Amino acid sequence: MPLRLRGGGGSKRGMPAPPTTTPKALVHQRFGAKACYSVEEVREAVDGGCPGLALPQQTRSVYRCSLDLPGLTVVTPGTFLRKKDAEQAAAQIALDKLGIQPTATVPSNPEEAWDELIARISGFFADENFPSSSHPLIGHMCVTFRRTGDRFGIIPLSAIAACDVKINTLCKLIDPKAEFDPLLVLSLIYNAAKKSPGVSVSDSNLWIQNQKPYSPEAVDVALQRWSGITDLIEVDGIYVPCAMEDEPKTITLRLSHNEHYMVDIVSSLSANDSSHAVVSRTVGKASSEIRLYFSAPNVQFVSKASNNGVSSLGDGNMECLINKRASYISGQTIYGDAILANVGYTRRDSELHTEDVTLSTYYRILLGKLPNGNYKMSRDSILVAELPSVYSRCSWKGLSPRDLLCSFCRLQRLAEPCFTVNTTSAYCKVLGSAVSSEEMEVRKNTENQYASDGSNGKENPDMFKCEVKIYSKMQKILLDYSTADTWTKESDAIHNSSLKVLIWFQSSLKQLNNHGQKLSPSKSTDGFTIYPDNFMHEFAMFLSIYGNTGGDESSTCSTVGSVSMDTSEQKNENNAILTQIEGSDSGIFPTHGSLACISYTASLVVKDKAKRYLLESNNEFEFEIGTGTVRNQLESCVTQLSVNQSACFIAELPPTDLILATATKFSHDLSKISRDNCCLEFSVKLLQVTEPLEDRMEKALFNPPLSKQRVEFAVRYINELHATTLVDFGCGSGSLLDSLLEHPTSLQKIVGVDISRKGLTRAAKSLHQKLSRKSLMQTSVPTAVLYDGSITDFDSRIYRYDIGTCLEVIEHVEEDQASLFGDVVLSSFCPTVLIVSTPNYEYNPILQRSAMPNKEEEPEENAGPCKFRNHDHKFEWTRSQFQHWATGLAEKHNYSVEFSGVGGSGEEPGYASQIAVFRRMASSQEETCQDRELPQPYELLWEWPNASLPSH
Ligand code: SAH
Ligand code: MG
């Protein structure tokens, strides 16, 4: 009587095992990673001691569990002795509340799993019709059917682990360590097979077969479905040596028709017993059959009489045999030399599926596991793309930060990250909203503040913030990121927090690996709380392969180590020295915050042989200037070009593994090239520039554009005062000064101050052009000056001007600097009138809605507004915040202040751009400055007349 394939047919107690599933497993099926358990330890007095004696009361740990699900939070009413019981109880309460009944048949405990493992193995073999099924194991059986003509269906035990998902699941239920240990999986299968009726296992070679031959008919069906290897198949794999000083290299595997392919693969490893082939799980892309193959070290799989039958794995002397690189790649413990190959029987194919694995595949798998790796690959730009420093829905390219963080955790074999979104409107929820339950338990949130403005809450929309927790597979917490930053959209909050966490990983892992620094225990910096022990435990393998490369300047293409993690070093090399600038200056330059669209190629050039390899190219690569989205040199290059110009520059060689990951065509050649001899050459063309979001919004929405309205606003005061001198603090590329030349005014001298050399250079160019033309008509302002300097420093050359303007500048500096500027300008520069403008935060929703017409209710993921109008903004103030700042300054420095604005009617919620006009009060005295020394910290950059244009 053959056992059925499914179900617990052979329970020890002689009854069919009930189809039970643990509450936790059910919750997991339903909610996956969105289910968030937190177990709290409680010390409890142990009674039944010796109450009469004055001994210190004994205590023990008991546990209480709370479970967060989308829209529902439950807490166990009592406590439990074991953590897992508390969790199961919490899960059960949640299921009861949600009215979910168990349906699936997942074993509820290791014993049941063990029974089912035994039943499943014998189910395969003892079923006479098994060879006619489409199970990939039949592909393996056909090898011996064909070769020897016997009909026992003999296969390596490893093939079972490779082909059957359910078996792997059962092994994990029996022993969670099976997740990380293919040898343990093998031994569990071995021990289960020993007990499986109808099959026999060979101790000498770890093969398994049916005890009786299958019928010729069944075998015929199998042979028809699965074609065999005729002749010989050659396929490339990667040899991953155990010794860290040896480099991975390409190896050609020869798979013959008369041997099982696993044996063929493992036999290409030196001095190993190829009959003990072991395979890892699949690595790389989810759909791939890429696995690591190795040969089991000499261990005994002791079959214990106990139900669990867990084997002993040798004598603990196996540490030194661990193949660190292979183990890191697969997240499983792999011993000795290993081979990475893409070979296997799948349900899709009718023959052995084989595909070359190149060195660049290998390096891409490694790269994919780094915090920024998948970002680079999703942008198809390994050498150029860097994880941006900020998230914006409008300009983000590639996989979203949340997806990147999830795949990072998955690939590091951690649990799915846990996102908790809080809104400031009095409730808290865990990400996702799948539950349609009336009994939604809504948690009160104590933080009813608007973190970003702190003003009257009623008018403001809901704000969201997102906490991220990273757990190990065993649910140990590694990291908790909680932030005070709030966002108007839930998805913005999630993506921004995800990005912060990714960036934290990127820089911390790099530091840990370069400097062997220690993580400080549970210290919260910038919202991060780290659990160093758990963290180091999970990343031990990472650090062991990236960490031990002390000196990094290796001159040959070696060291897999350090490499990729060092890429951000390149960010230090800021300026690109351009050669061969081609094309005429079109006058359209990318500015901070604008989107640049470029085409580029990156080639490896071998100096002496004058050979070049095209590593990476892209015909249309878009990125935002100023957000760290690309390597600095490239950004520096692009900002020196105008649209339609192209240029070349030479860059520092990237780490070897990045080069090999990009060189899909000739990774083989490149692995032998000496680094000394090579350089990286970029050729770049600027195709198009799209203005920053702020500018786009200001232009699209207002007529005349807001910047023009600001100019007109300033002109009103110039005329009113009959001003002859004007200074523009933070003049940027000179748009105000430039426009003033178009108005006939009383001005005799205009001055611009900025810290951006690039902006000033552009301002000089355009002022120069205008003044040159105007001078012919004799209507020009006699003097114009541009200074390079910070507006928080006083320069005596600009003392007591009639008008000072500071338009859309203060939000670009930190708040304390904005206050410092206020103090310096009103106490030292002392203009008669000072006009300060800055965005009105309360107006943003209107801007954002109008900037994206037709997208009122756009799905969360689509392009949309970001928190501030421009990424460079350090803050954006509400009206009351701005008025508070300005009134305080005015009082302190004996100025009066009035509020106004441009853009909109000024009614609720105020102007788009709010303006404060400060006037010096009559009583303030003129001598203040004269007494002091006369500081002149500013550098004169350009001056009209007698001006020569500054060079770049
Ligand atoms: N006023 C211009 C530019 C606004 S953009 C306009 O309305 O178009 C903000 C400008 O402030 C940038 O050009 C930036 O370089 C400048 N800036 C920021 N911090 C500064 C500082 N400490 N000193 C001088 N300029 C500064
Ligand atoms: Mg601004």
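Residues numbered from 1 in each chain as written. Chains lettered and ligands numbered in written order. Predicted model: local features only at pLDDT ≥ 70, side-chain atom pairs only at ≥ 80, totals over all residues. Heavy atoms only, no water.

K.L.:
Account for helix α25 (residues 879-893), naming residues and giving values.
P.N.:
Taking 1.5 Å per residue, 15 residues should reach 21 Å; α25 reaches 21 Å between its end C-alpha atoms and fits that length. Turning to α25, its buried residues are Gln-881, Phe-882, Trp-885, Ala-886, Leu-889, Ala-890 and His-893. Viewed along the axis of α25, the buried residues span an arc of 160 degrees, placing them on a single side of the element. Exposed side of α25, more than 90 degrees from the buried face: His-884 and Glu-891 are the residues found there. Where α25 is buried, its residues contact α23 (815-829), β29 (833-839), β30 (895-902) and β31 (913-920). Asn-894 lies just past α25 and shows a positive phi near 65 degrees. (Helix = DSSP H or I, 4+ residues; strand = E, 2+ residues; numbered from the N terminus. Expected span 1.5 Å × (residues − 1). Buried < 20%, exposed > 50% of the residue type's maximum accessible area, 1.4 Å probe, protein only. Arc of directions from axis to C-beta. Contact = heavy atoms within 4.5 Å.)

K.L.:
Any chance you could break down the pattern of salt bridges for me, citing the residues and the numbers?
P.N.:
Tallied over the full model, the rule gives 29 salt bridges. Close ionic contact of Arg-82 with Asp-85 constitutes a salt bridge, the shortest N to O distance being 3.2 Å. What makes Asp-85 partly exposed here is its relative accessible area of 27%. Because the salt bridges share partners, they merge into one network encompassing Glu-179, Arg-281, Arg-413 and Lys-473. (Salt bridge = Lys/Arg side-chain N within 4 Å of Asp/Glu carboxyl O.)

K.L.:
If you had to explain the sheet that holds strand β21 (residues 595-606) to someone new, which residues and values would you point to?
P.N.:
Taken together, the five strands give an open sheet; going across it, the order is β20-β23-β24-β21-β22, and neighbouring strands pair in antiparallel fashion. Whereas interior strands pair on both sides, the edge strands pair on one side only; in this sheet they are β20 (578-582) and β22 (611-624). When the angles between neighbouring strand axes are averaged without regard to direction, this sheet yields 20 degrees. Relative to strand β24 (residues 678-690), strand β23 (residues 646-651) runs antiparallel, the two being bridged by six bridges. (Pairing = 2+ DSSP bridges. Axes fitted to C-alpha atoms, helices over the stretch in contact; angles between N-to-C directions.)

K.L.:
So what's going on with the packing of aromatic side chains? Residues and values would help.
P.N.:
Two numbers describe a pair of aromatic rings. These are the distance of the centres and the angle of the planes. Summed over all chains, the structure comprises 37 aromatic pairs. Plain terms: the ring middles of Phe-621 and Phe-623 are 6.1 Å apart, the flat faces sit at 40 degrees to each other, and that makes the pair tilted. Centre to centre, the rings of Trp-877 and Trp-885 are 5.6 Å apart; their planes meet at 50 degrees, and the pair counts as tilted. Just as Trp-877 is buried, Trp-885 falls in that class too. Three or more aromatic residues joined by ring pairs make a cluster, and in this case those are Tyr-328, Phe-408, Tyr-481, Trp-504, Phe-505, Phe-528, Phe-535, Phe-539, Phe-542 and Tyr-546. Lys-24 extends its terminal NZ or CZ atom over the ring of Tyr-37, reaching a point 4.9 Å from the ring centre. Lying across the ring of Trp-226, Arg-225 places its NZ or CZ 4.2 Å from the centre. (Phe/Tyr/Trp six-rings, centres within 6.5 Å; stacked < 30°, edge-to-face > 60°. Lys NZ or Arg CZ within 6 Å of the ring centre and 35° of its normal.)

K.L.:
Describe unusual backbone geometry, and please don't skip the residues or the numbers.
P.N.:
Residue Asn-703 is joined to Pro-704 through a cis peptide bond whose omega torsion reads -5 degrees. The omega torsion across Glu-908 and Pro-909 is 0 degrees, close enough to zero to call that bond cis. Mapped onto the elements of the fold, Pro-909 is located in the loop between β30 and β31. The backbone of Leu-206 shows a phi angle near 55 degrees, a positive value even though the residue is not glycine. By the secondary structure assignment, Leu-206 is in the loop between β5 (199-202) and β6 (207-210). Here Arg-413, not a glycine, exhibits a phi torsion of approximately 55 degrees, which is positive. Within the secondary structure, Arg-413 is located in the loop between α13 (401-411) and β13 (418-423).

K.L.:
Which residues make up the site of ligand 1, and what are the values?
P.N.:
The full set close to ligand 1 counts 15 residues, and Gly-730, Asp-754, Ser-790, Ile-791 and Leu-807 are the nearest of them. Contacts to ligand 1 include Ser-735, whose side-chain N or O atom sits 3.5 Å from an oxygen atom. Measuring from a nitrogen atom of ligand 1, one finds a backbone N or O atom of Ile-755 at 3.4 Å. Protein chains shield 77% of the accessible area of ligand 1, which is 570 Å² for the free molecule. Partitioning the shell around ligand 1 into residue classes produces six nonpolar, seven polar and two charged. (Near = heavy atom within 4 Å. Polar contact = N/O pair within 3.5 Å; in protein donor to acceptor, adjacent residues only side chain to side chain. Areas by Shrake-Rupley, 256 points an atom, 1.4 Å probe, with all protein chains shown as cover. Nonpolar A, V, L, I, M, F, W, Y, C, P; charged D, E, K, R; others polar.)

K.L.:
Can you explain the confidence of the model for the chain? Please cite residues and give values.
P.N.:
Regions with low pLDDT should not have their predicted coordinates read in detail. Per-residue pLDDT for the chain has a mean of 81; in total, 81% of the residues score no lower than 70. Counting interchain partners and residues more than four positions distant, the pLDDT-below-50 stretch residues 853-866 has 28 contacts. (pLDDT = per-residue confidence, 0-100.)

K.L.:
Tell me about the environment of Gly-901, residues and numbers included.
P.N.:
Structurally, Gly-901 can be placed in strand β30. The exposure class of Gly-901 is buried, given its relative accessible area of 9%. Sequence separation between Gly-901 and Gln-914 is 13 residues; the distance between their C-alpha atoms is 4.2 Å. If we ignore the near neighbours within four places in the chain, the residues touching Gly-901 are Phe-713, Tyr-911, Ser-913, Gln-914 and Ile-915.

K.L.:
Just give me the short version of the packing of helix α1 (residues 23-31) against helix α2 (residues 83-98), but keep the residues and values in it.
P.N.:
Contact geometry of α1 with α2 gives a least axis separation of 8 Å together with a crossing angle of 55 degrees. Comparing their axes, α2 and α1 come out oblique. For the crossing formed where α1 meets α2, the hand is left-handed. From α1, Pro-23, Lys-24, Leu-26, Val-27 and Phe-31 reach across to α2, where they touch Glu-87, Gln-88, Ala-91, Gln-92, Leu-95 and Leu-98. In terms of residue class, the contact of α1 with α2 is made up of seven nonpolar, two polar and two charged. (Parallel < 35°, antiparallel > 145°, perpendicular 65-115°, else oblique. Left-handed = near helix turned anticlockwise from the far one by under 90°.)

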